[in-house]
There are 2 protein chains.
Amino acid sequence: MTAPVASRVGRLLLVPNALDQGSADDVTSSGAALHLALPMAVLQTAAALEYWVTETPKVARVFLKRVNAVTPLVRPLQELVIAELPRPRKGGASRGTTGADAGVSAQQWAQLLEPTRQGHDVGLLSDAGLPAVADPGAELVRAAHLAGIEVVPLAGPSALLLALAASGLNGQSFAFVGYLPVEAGERAKRLQELEAISRRARQTQLFIETPYRNSAMLDTLLASLAPQTSLSVSCGLTTPQGWTRTATVAGWRKQSVVMPNDLPAVFALLA
Amino acid sequence: MTAPVASRVGRLLLVPNALDQGSADDVTSSGAALHLALPMAVLQTAAALEYWVTETPKVARVFLKRVNAVTPLVRPLQELVIAELPRPRKGGASRGTTGADAGVSAQQWAQLLEPTRQGHDVGLLSDAGLPAVADPGAELVRAAHLAGIEVVPLAGPSALLLALAASGLNGQSFAFVGYLPVEAGERAKRLQELEAISRRARQTQLFIETPYRNSAMLDTLLASLAPQTSLSVSCGLTTPQGWTRTATVAGWRKQSVVMPNDLPAVFALLA
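Residues numbered from 1 in each chain as written. Chains lettered and ligands numbered in written order. Predicted model: local features only at pLDDT ≥ 70, side-chain atom pairs only at ≥ 80, totals over all residues.

Asks: Would you take a moment to explain the overall build of chain A for this structure?
Replies: Helix and strand counts for chain A stand at eight helices and ten strands. When burial is assessed residue by residue, chain A has 49% of its 271 residues classed as buried. A separation of at least 24 residues holds for 78% of the contacts in chain A among residues at least 6 apart in sequence. (Helix = DSSP H or I, 4+ residues; strand = E, 2+ residues; numbered from the N terminus. Buried ≥ 20, exposed ≤ 12 C-beta atoms within 10 Å, placed from the backbone. Contact = placed C-beta atoms within 7 Å.)

Here you go:
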């Protein structure tokens, strides 16, 4: 599939990562083998790719070592071309438009996609879960569409939707809004806004936080939200430590929960 | 894992289905084997379950036959207990609250979860993708939380998030709003509303349609949306016929696309 063929244009493949990848220091300590977390076809396709664009090359190499432990890579890891995605600002207004990330030119995106012109597929990989969803990568996908390059998402899990499914909150209408403002006043204001939207549109509102602030986030939620609002928290889904809890805010206040500061969490509310 | 143990309470496992399941008439004609679409650990866990609550028992049996072809079921298919989820109204305001579906009592949910009291895990399965997301099941999950039953989502793909990833539109803020109104005037009004929300909040808006109306939906979108609004359409993702196209509405108008009337589609816009 990756051999250069003059008449063939390569594709941009969106390769899902496991959800525990970020915390895996090396391939041997990573616990579950990757074929337990991802479909075999995804691993086989990933193993055949020679060109990668990745959120963090170091994390991508861990992923590829894990792939290699299940199905051999087409070339030794050192011979693969592993580029780094230009970083958007964390929590910033990344809008899926090429112009949204100041300093990333159309030419840079084109260079990252250049192997497709020689008939090679290019893999896009983030540090955990699906690329381009609550993760960088959308601008590269956008550039691929603009250039007429076929974009193919490979089947893999998203922590956001697993959390939503496990919440029992409305899965027929929901929104993910990324990170909330860090400053206390702005955060409380934003939460009231989300609660109002949720109430008006009957829409579950999902958001995330950096793990070391999980505990502070829960405190803010319990202090700011209405007692009858439903709140769901999921931590470390798909790992052995994973859990989901859903209750009203009043219910959460009655029974305190210790939030881990080293597992990714997804928060969801339905007013 | 499923043997009755007096001291153990069973869990509610959210089991992902493949995304091609709905159109698979039988296990032999279904093309790709299930282990190519789902992680092996998910199939092994599913194979060990004796109690199921499913969107459509007939479709669930096809799924279980496909599982059995990869890893043997704990009991013959005929001996498994496969219950049917009470059906919410299609496109209705299913809100993840037990009261939202008229006619489904708390007692009915409790009966479906009864095996957990004997220490059995119960699997929740929809006809495609993740249960309880753009699919029935949220009320059962909600009932499980209320009863203190552990809810565990197993890793699997969601067509919505694969479509979002492949769209190149904003993956840092997005909303899924289900089905649009069918009546032409109401549909156009709703689209203008979604376009306004998208513009104001920089939020990608996703929605779905029943396959036989795909073509009419695309016509309406091209007639109603602003020329500079970005529109992405994904059809049949994870199947060999799958494709994703993203362009401005003006771009779509220039190059017509024939929508299949037998593949599920996801529509996304960013104004």
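Asks: Explain the interface of chain A and chain B to me, please; I cannot follow it from the model alone.
Replies: A common way to state how big an interface is: give the accessible area lost once the parts meet. Between chain A and chain B, the contact holds 52 residues from the first and 51 residues from the second. Partitioned by chemical class, the residues of the side of chain A that touches chain B number 32 nonpolar, 16 polar and four charged. Relative to strand E6 (residues 174–179) of chain B, strand E6 (residues 174–179) of chain A is paired through three bridges, and the arrangement is antiparallel. Across the sheet, Phe 174 of chain A pairs through a bridge with Phe 176 of chain B, a residue of E6 of chain B. (Nonpolar A, V, L, I, M, F, W, Y, C, P; charged D, E, K, R; others polar. Pairing = 2+ DSSP bridges.)

Asks: Quick question: what am I supposed to make of helix H7 (residues 214–224) of chain B here?
Replies: Counting along an α-helix, one turn takes 3.6 residues, and residues three or four places apart therefore face a common direction. Residue and element names in this part refer to chain B. For H7, the full list of buried residues reads Asn 214, Met 217, Leu 218 and Leu 221. Across the axial projection of H7, the buried residues extend over an arc of 100°, all falling on one side. Of the residues in H7, the exposed ones pointing more than 90 degrees away from the buried face are Asp 219 and Ala 223. Against the buried residues of H7 lie helix H6 (184–201), strand E7 (204–209), strand E8 (230–235) and strand E10 (265–270). (Arc of directions from axis to C-beta.)

Asks: Please clarify how the domain arrangement of chain A should be interpreted in this entry.
Replies: Residues and elements named next belong to chain A. Under the domain assignment used here, chain A contains domain 1 (12–153) and domain 2 (159–270). If you look at the interface, domain 1 gives six residues, while domain 2 gives nine residues. Grouping the constituent residues of the side of domain 1 that touches domain 2 by class yields three nonpolar, two polar and one charged. (Domains from an automatic or database assignment.)

Asks: Teacher, can you tell me more about the pairing of E10 of chain B here?
Replies: Remark: a regular strand shows side chains that alternate across the two faces of the sheet. All names here are of chain B. The element E10 is extensively covered by neighbouring structure, given that six of its six residues are classed as buried. Across the two faces of E10 the burial is the same, with Ala 265, Phe 267 and Leu 269 and Val 266, Ala 268 and Leu 270 all buried. Relative to E10, E7 runs antiparallel, the two sharing five bridges. Pairing of Glu 209 across the sheet is with Ala 265, part of E10.

Asks: Even after reading the chapter, I still don't get the nonpolar core, so can you show me in this structure?
Replies: Across soluble globular proteins, you tend to see nonpolar side chains buried next to one another. Counting 152 residues, the largest nonpolar core has Leu 14, Ala 163 and Leu 206 of chain A together with Leu 14, Ala 163 and Leu 206 of chain B as its most contacted members. In this structure Ala 163 of chain A touches Leu 206, Ser 234, Leu 237, Thr 244, Val 266 and Ala 268 of chain A, once residues within four positions along its chain are discounted. (Core = buried A, V, L, I, M, F, W, Y, C linked by C-beta atoms within 7 Å.)

Asks: I keep staring at the relation of the copies chain A and chain B and nothing clicks. Help me out?
Replies: A rotation about some axis, followed by a shift along it, carries one copy of the chain onto the other. If you rotate chain A by 180° and push it 0.0 Å along the axis, it lands on chain B with an RMSD of 0.0 Å. Expressed as a symmetry operation, the mapping of one chain copy onto the other fits a two-fold axis. (Least-squares fit on C-alpha atoms with pLDDT ≥ 70 in both.)

Asks: Sorry, what's going on with the sheet that holds strand E4 (residues 122–125) of chain A here?
Replies: Neighbouring strands of a sheet are bound in pairs by backbone hydrogen bonds; such pairs are parallel or else antiparallel. Residues and elements named next belong to chain A. Strands sit in the order E3-E2-E4-E1-E5 across an open sheet of five strands; the sheet is parallel. At either margin of the open sheet sits one strand with a lone partner, and together these are strand E3 (81–84) and strand E5 (151–153). Taken over all neighbouring pairs, the strand axes of this sheet differ in orientation by 25° on average, direction set aside. Pairing analysis gives four bridges linking strand E1 (residues 12–15) to E4, with the strands arranged parallel. Counted as the bridge partner of Leu 14 is Leu 124 from E4. (Axes fitted to C-alpha atoms, helices over the stretch in contact; angles between N-to-C directions.)

Asks: For this particular structure, what's the right way to read the sheet that holds strand E4 (residues 122–125) of chain B?
Replies: All names here are of chain B. Strand order in this open sheet of five strands is E3-E2-E4-E1-E5, and the pairing throughout is parallel. Two strands close off the open sheet at either side, each with one partner strand: strand E3 (81–84) and strand E5 (151–153). Across the sheet, the mean angle from the axis of one strand to that of its neighbour is 25°, orientation sign disregarded. Bridging between strand E1 (residues 12–15) and E5 involves three bridges; their strand directions are parallel. By the bridge assignment, Leu 13 is partnered in E5 with Val 152. Packed onto the sheet, helix H2 (residues 57–70) meets strand E2 (51–54), E3 and E4 and runs at close to 145° relative to E3.

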